[in-house]
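Examining the three-dimensional arrangement
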Amino acid sequence: ASQHNYDVTRMETVKWTDIGGHEAVKALLHESVVWFYQNSDAFQKLGISPGKGVLLYGPPGTGKTLLGKAVASESGANFLSISIADLIKGEVGESEKAIAHTFRTARRCSPCVVFIDELEALFSRHDQMGEVGKKLFSQLVLEIDALDWRTAHVVLLCATNHPGSLDPSLLRAGRIDRLIAVSPPSRTERADILRAVSTHMRLHKDVDLKDIAARTRGKTGADLRELVRRASLAALARLGMESKVCRKRTEFQVIPLSAKYTDTHVS
Ligand code: ATP
């Protein structure tokens, strides 16, 4: 893998409950992908396979990558992730080899979910799609057409911020034929996200996540995670100062107390 200009990663565990909001998206992904991995024997007997590819589209930071990781975790599948934007920077020959290598690895690591990020980078220059882009595109189509659930449990998840710029031949039936919108969060979803990203933190009793959700209109999950991170850093900094003040106070109190104790003890 290292000779290619792309990244294949083993993922950390992400559960549905780690993702705030997106209830409808999670349900759709669960029915259309996770179920098949979880009940592969039953589906195999019925001769039913999942679709080959799903496209998650929506603005940056709304949690598409996180949803992809959760699909793999919830399915008990491995997760291979590549970015088209990285691949396209490679030499002619290299990038399509990288795609082929990824799908080969995925088949070997079955059950596996392949996640392709920034799919729009394939088409960003459309007519002037360079030689690398054209080869990459043909290789990707070849790999999707060759996916066969009966021999390897591999599903492709793709993410893009610009669904309009994708080539329709990639999105036709039998290829990436399930399109799921990942929208910026509503007010209640923002509260859910704030709860999800602060779940391992001890919040002050005055912290009102619903109120923060109401005041963060237009913010994405990534923004809210950053907000919570900064708030916890600020709290830490304040705590550091307070604990110094406390220590002084305690010392102040300890001295007369111990003096009194000594006095009592002596007497
Ligand atoms: P991009 O298009 O920029 O790649 P993306 O839609 O793939 O963005 P992620 O990378 O999944 O977004 O989100 C960035 C981070 O923001 C996540 O790792 C997660 O910590 C946080 N995040 C985003 N959405 C949510 C959510 N709904 N619930 C909890 N955390 C979230």
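Residues numbered from 1 in each chain as written. Predicted model: local features only at pLDDT ≥ 70, side-chain atom pairs only at ≥ 80, totals over all residues. Heavy atoms only, no water.

You'll find the protein entered in an unreviewed UniProt entry as AAA+ ATPase domain-containing protein, with Geranomyces variabilis given as the organism. The UniProt entry for the protein carries this comment under Sequence similarities (unreviewed entry): "Belongs to the AAA ATPase family." (UniProt positions renumbered as here; feature names shortened; annotations may be inferred.)

1. A few points about the overall build of the protein
A count of helices and strands for the protein gives 9 helices and 5 strands. Secondary structure elements of the protein, listed N to C terminal, follow the sequence α-α-β-α-β-α-α-β-α-β-β-α-α-α. Residue pairs in contact within the protein that sit at least 24 positions apart in sequence constitute 83% of those at least 6 positions apart. Accessible surface computed for the protein: about 15300 Å², of which carbon and sulfur atoms make up 55%. (Helix = DSSP H or I, 4+ residues; strand = E, 2+ residues; numbered from the N terminus. Contact = heavy atoms within 4.5 Å. Areas by Shrake-Rupley, 256 points an atom, 1.4 Å probe, with all protein chains shown as cover.)

2. Quick word on the pattern of salt bridges
A complete count under the given rule lists 10 salt bridges for this structure. The closest approach of N and O atoms between Glu94 and Lys97, which form a salt bridge, is 3.6 Å. Taken together, the positions of Glu94 and Lys97, both in helix α5 (residues 94-108) and 3 residues apart, correspond to about one turn of that helix. A relative accessible area of 26% means that Glu94 is categorised as partly exposed. On the basis of relative accessibility, which here comes to 47%, the residue Lys97 falls in the partly exposed class. (Salt bridge = Lys/Arg side-chain N within 4 Å of Asp/Glu carboxyl O. Buried < 20%, exposed > 50% of the residue type's maximum accessible area, 1.4 Å probe, protein only.)

3. Side note on the pairing of strand β1 (residues 53-57)
With 4 of 5 residues buried, β1 is to be regarded as a mostly interior element. Of the pairings in the sheet, the one linking β1 to strand β4 (residues 154-160) comprises 5 bridges and is parallel in character. Residue pairing in the sheet places Tyr57 in a bridge with Thr160 of β4. Examined bridge by bridge, β1 and strand β5 (residues 176-181) share 5 bridges and lie parallel to one another. Paired with Val54 across the two strands is Arg178, which belongs to β5. (Pairing = 2+ DSSP bridges.)

4. Here's the deal with the site of the ligand
Taken together, 18 residues lie around the ligand, and Gly20, Gly61, Lys64, Thr65 and Arg225 are the ones closest in. Interatomic distance of 3.2 Å between a side-chain N/O atom of Asn161 and an oxygen atom of the ligand. One of the side-chain N or O atoms of Arg225 is found 3.4 Å from an oxygen atom in the ligand. Every element with two or more residues in the shell around the ligand is listed here: α3 (64-75), α7 (187-197) and α9 (221-266). Taken together, the residues of the shell around the ligand sort by class into 6 nonpolar, 8 polar and 4 charged. (Near = heavy atom within 4 Å. Polar contact = N/O pair within 3.5 Å; in protein donor to acceptor, adjacent residues only side chain to side chain. Nonpolar A, V, L, I, M, F, W, Y, C, P; charged D, E, K, R; others polar.)

5. With respect to a nonpolar patch on the surface
Taken together, Met201, Leu203 and Val207 make up a surface patch of nonpolar side chains, about 220 Å² in accessible area. Positionally, Val207 belongs in the loop between α7 and α8 (209-214). (Patch = residues over 30% accessible without salt bridge, like charges linked within 9 Å, V, L, I, M, F, W, Y side chains within 5 Å.)

6. Examining the nonpolar core
Counting residues in hydrophobic clusters, the biggest one holds 32 residues, and the most contacted among them are Ile116, Leu119, Leu140 and Leu170. Those elements that provide at least two residues to this core are β2 (78-83), α4 (84-87), α5, β3 (112-117), α6 (131-146) and β4. Residue contributions to this core peak at 6 residues, all from α6. Setting aside residues up to four positions removed in sequence, Leu170 forms contacts with Leu119, Phe123, Phe137, Leu140, Val141, Ile144, Arg175 and Ile176. In terms of nonpolar packing, the next biggest core, distinct from the first, is built from 26 residues, Val25, Leu67, Ala70 and Phe79 among them. (Core = buried A, V, L, I, M, F, W, Y, C linked by side-chain atoms within 4.5 Å.)

7. Observations concerning the packing of α5 against α6
It is at 8 Å that the axes of α5 and α6 come closest, and there the two elements cross at 20°. In terms of their interaxial angle, α5 and α6 are classed as roughly parallel. The chirality of how α5 crosses α6 is right-handed. Residues Ser95, Glu96, Ile99, Ala100, Phe103 and Arg107 of α5 form the contact with α6, whose own contacting residues are Val132, Lys135, Leu136, Gln139, Leu140 and Glu143. Within the contact of α5 with α6, the residues separate by chemical class into 6 nonpolar, 2 polar and 4 charged. (Axes fitted to C-alpha atoms, helices over the stretch in contact; angles between N-to-C directions. Parallel < 35°, antiparallel > 145°, perpendicular 65-115°, else oblique. Left-handed = near helix turned anticlockwise from the far one by under 90°.)

8. Here we look at the state of the cysteines
Using the criterion set out here, one finds 0 disulfides in the structure. For the unlinked cysteine Cys112, the closest cysteine sulfur is that of Cys109, found at 5.6 Å. On the accessibility criterion, Cys112 (0% relative accessible area) is buried. Summary of cysteine pairing: Cys158 is not part of a disulfide, and the nearest cysteine sulfur, belonging to Cys112, is at 13 Å. (Disulfide = S-S within 2.5 Å.)

9. Topic: the packing of helix α1 (residues 23-38) against α3
When two helices pack together, their arrangement is given by the angle between the helix axes and by the axis-to-axis distance. Viewed as axis vectors pointing N to C, α1 and α3 meet at an angle of 35°, and their least axial separation amounts to 9 Å. Relative to α3, the crossing made by α1 is right-handed. Every residue of α3 that contacts α1 at Val25, Lys26, Leu29, Val33, Val34, Tyr37 and Gln38 is listed here: Leu67, Val71, Glu74 and Ser75. Looking at the contact of α1 with α3 residue by residue, the classes come out as 7 nonpolar, 2 polar and 2 charged.

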